[in-house]
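Understanding the architecture of this molecule
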Amino acid sequence: MSMNVLLPQPIEVEAIQRLEQAGHTIISAPDPKPETVLPLMKEVHAVILRTGITMTRQLIEAADDLKVISRTGGGFDNVDVKAATDNNVIVTSNLSVNSISVREHVLAMMLSLVKQLPVLDQAVRSANYSIRYQNLSRDINGKTLGLLGFGRIGYQVATACKTVFNMSVLACDPYLSDEIKAKYSDLVSFVDKKQLCTDSDVLSVHVPLTEQTRHSLSTAEFDLMKPEAIVINTSRGPVIDEEALIAALQNKEIGGAGLDVLTNEPPDPDNQLLKLSNVIHTPHSAALTNECVIRMATDAADRTIEVLSGKKPLNVANPAVLESERWQHLS
Ligand code: NAD
């Protein structure tokens, strides 16, 4: 049966083709503003959601027969999961689909900061070739990588850094069982956050944003770090206390930061982080490679088609809905 699939933001043509081949009708919002999307919700059976809009209770409850919200990629922090569950709407995402691309982004940021590429590039363009004698860059080989969060992306970053750069890898992840930690003991030493901050040359953040992880790195943590330590954040901006990070960078308590995410996106033009030369910014684009956007969109389309054709999708964020009468038929 043909169903209406709402796209609050455009998705890749490969994914649209899959939905249309499955017989569904695409409704494309002209923009992802809530006031634009709200009047479209009534007739919608599925929403394929990127990060440009939050699926609030108001939007979810505006639909007469919404069945599924399918995130392109990982994370569902822009979905009111409680409201979805209250209305028996399945929320699905796929955390694994972008891990490889985020790993490459972390490595690019790490090498770029350690090798001081933006500074050297700017110097050459400004006829300051003699900067080469300042020996600004460092080697990464044999240094210590610290991971706050050892999930899918943390694991990917660990394997690359260990294999390619012979780095020692530390990880802090209090939610992993002893059994899982033992399984990865050849790759990683599990430590507490204090030791992670004290010992890491590069500290990369890979936790989800939750009330527990908000401001996980703040003044107390930056105070522990080595003056040349590099902090990389590709998770979510508010996991780092931005004011504390600015102070640590300005006071040279740490060596630099690679930030794919910020507390406010896009940032206020007056944000001090934009003015610091020891910071590299990217616009929340770690997963937005040519290849990965197609993977994320087609995967989200597949999970939508699964639900609409009576199959249980992989990765249901609110499994409680599957027990409701509405979804008991799912195979
Ligand atoms: P994941 O769920 O596989 O791993 C997250 C890990 O964090 C888990 O092992 C969990 O136990 C751990 N964790 C949770 N709370 C913690 C805490 N307080 N301290 C230490 N560890 C804690 O997720 P992932 O696929 O590795 O992705 C990590 C995050 O990266 C996502 O939640 C998402 O916010 C972000 N992300 C960003 C991009 C991007 O484009 N920048 C792309 C994908 C994912």
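Here the structure is a predicted model, which is why all the values come from computation and not from measurement.

Thoughts on the sheet that holds strand S9 (residues 202-205)
- Pairing is parallel across the open sheet formed by seven strands, whose spatial order is S8-S7-S6-S9-S10-S11-S12. The sheet terminates laterally at strand S8 (189-190) and strand S12 (279-281), the two strands that pair on one side only.
- In this sheet, S12 lies alongside strand S11 (residues 256-259) in parallel orientation, the contact comprising three bridges. Within S12, the residue paired with alanine 257 across the bridge is valine 279.
- Its contacts with the sheet place helix H5 (residues 99-114) against S9, strand S10 (230-233), S11 and S12, and it is angled at close to 155° to S10.
- Where helix H7 (residues 152-165) meets the sheet, it contacts strand S6 (144-148) and strand S7 (168-172), and its direction lies at approximately 175° from that of S6.

A short note on the sheet that holds strand S5 (residues 90-92)
- Pairing is parallel in the open sheet, where five strands are placed in the order S2-S1-S3-S4-S5. Lying at the two open borders of the sheet, with one neighbouring strand each, are strand S2 (25-28) and S5. If you compare each strand with its neighbour and ignore which way they point, the axes differ by 20° on average.
- Of the pairings in the sheet, the one linking strand S1 (residues 4-7) to strand S3 (residues 46-49) comprises two bridges and is parallel in character. The residue bridging leucine 6 from the neighbouring strand is valine 47, located in S3.
- In the packing of helix H1 (residues 13-21) onto the sheet, contacts are made with S1, S2 and S3, and the angle to S2 comes to roughly 135°.

Some thoughts on the packing of aromatic side chains
- Summed over all chains, the structure comprises four aromatic pairs.
- Both rings, one in phenylalanine 150 and one in phenylalanine 190, keep their centres 5.5 Å apart while their planes meet at 80°; by these two values the pair is edge-to-face. Of this pair, phenylalanine 150 sits in the loop between S6 and H7 while phenylalanine 190 sits in strand S8, placing them 40 residues apart in sequence.
- Residue classification places phenylalanine 150 among the buried residues on the basis of a relative accessible area of 4%.
- Under the relative-accessibility criterion, phenylalanine 190 is labelled partly exposed at 23%.
- Aromatic rings pair up to connect Phe150, Tyr155, Tyr184 and Phe190 into one cluster.

A short note on the nonpolar core
- Counting residues in each nonpolar core, the largest one holds 33 residues, and the members touching the most others are Met110, Leu145, Leu147, Phe150 and Met167.
- Secondary-structure elements contributing two or more residues to this core are H5, S6, H7, S7, S10 and helix H12 (290-308).
- Among the domains, domain 1 (4-97 + 290-327) and domain 2 (99-281) are the pair contributing at least three residues each to this core.
- Beyond its immediate chain neighbours, meaning those up to four positions away, leucine 145 contacts Val157, Ala158, Cys161, Met167, Ser168, Val169, Leu170, Ser200, Val202 and Ser204.
- The next biggest cluster of nonpolar side chains, apart from the first, holds 28 residues, and it includes Val231, Leu262, Leu273 and Leu276.

Overview of the pattern of salt bridges
- As enumerated under the stated definition, the model contains 14 salt bridges in all.
- For aspartate 77, the salt bridge identified is with arginine 236, shortest N-O distance 2.9 Å. Placement of aspartate 77 in the loop between strand S4 (68-71) and helix H4 (81-86) and of arginine 236 in the loop between S10 and helix H11 (242-250) is noted, with a sequence separation of 159 residues between them.
- You can call aspartate 77 partly exposed: its relative accessible area is 43%.
- When salt bridges that share partners are traced, they join Arg57, Glu61, Lys82 and Asp86 into one network.

Observations concerning the site of the ligand
- Neighbouring the ligand are 24 residues, the closest being Arg152, Ile153, Asp173, Thr234 and Asp260.
- Between the ligand and arginine 152, the relevant distance is 2.7 Å, taken from an oxygen atom to a side-chain nitrogen or oxygen of the residue.
- Aspartate 260 is positioned such that a nitrogen or oxygen atom in its side chain is 2.9 Å from a nitrogen atom of the ligand.
- The fraction of the free accessible surface of the ligand (860 Å²) that becomes covered by protein chains is 87%.

Details of the domain arrangement of the chain
- Domain assignment breaks the chain into domain 1 (4-97 + 290-327) and domain 2 (99-281).
- One C-alpha centre belongs to domain 1, the other to domain 2, and the line joining them spans 32 Å.
- Facing eight residues of domain 1, the contacting portion of domain 2 comprises four residues.
- For the pair domain 1 and domain 2, the two sides together bury roughly 510 Å², of which 33% comes from carbon and sulfur.
- Of all residues in domain 1, the largest losses of buried area upon contact with domain 2 belong to Asp77, Leu95 and Ser96, amounting jointly to 65% of the total for that side.
- Our count for the contact surface shared by domain 1 and domain 2 stands at one salt bridge.
- Remark: the boundary between domain 1 and domain 2 carries four residue pairs in polar contact (both at pLDDT 80 or more).
- Here the side of domain 1 that touches domain 2 is built from residues that sort into three nonpolar, two polar and three charged.

So, how was this worked out
Residues numbered from 1 in each chain as written. Predicted model: local features only at pLDDT ≥ 70, side-chain atom pairs only at ≥ 80, totals over all residues. Heavy atoms only, no water. Pairing = 2+ DSSP bridges. Helix = DSSP H or I, 4+ residues; strand = E, 2+ residues; numbered from the N terminus. Contact = heavy atoms within 4.5 Å. Axes fitted to C-alpha atoms, helices over the stretch in contact; angles between N-to-C directions. Phe/Tyr/Trp six-rings, centres within 6.5 Å; stacked < 30°, edge-to-face > 60°. Buried < 20%, exposed > 50% of the residue type's maximum accessible area, 1.4 Å probe, protein only. Core = buried A, V, L, I, M, F, W, Y, C linked by side-chain atoms within 4.5 Å. Domains from an automatic or database assignment. Salt bridge = Lys/Arg side-chain N within 4 Å of Asp/Glu carboxyl O. Near = heavy atom within 4 Å. Polar contact = N/O pair within 3.5 Å; in protein donor to acceptor, adjacent residues only side chain to side chain. Areas by Shrake-Rupley, 256 points an atom, 1.4 Å probe, with all protein chains shown as cover. Buried area = accessible area lost by both parts, 1.4 Å probe. Nonpolar A, V, L, I, M, F, W, Y, C, P; charged D, E, K, R; others polar.

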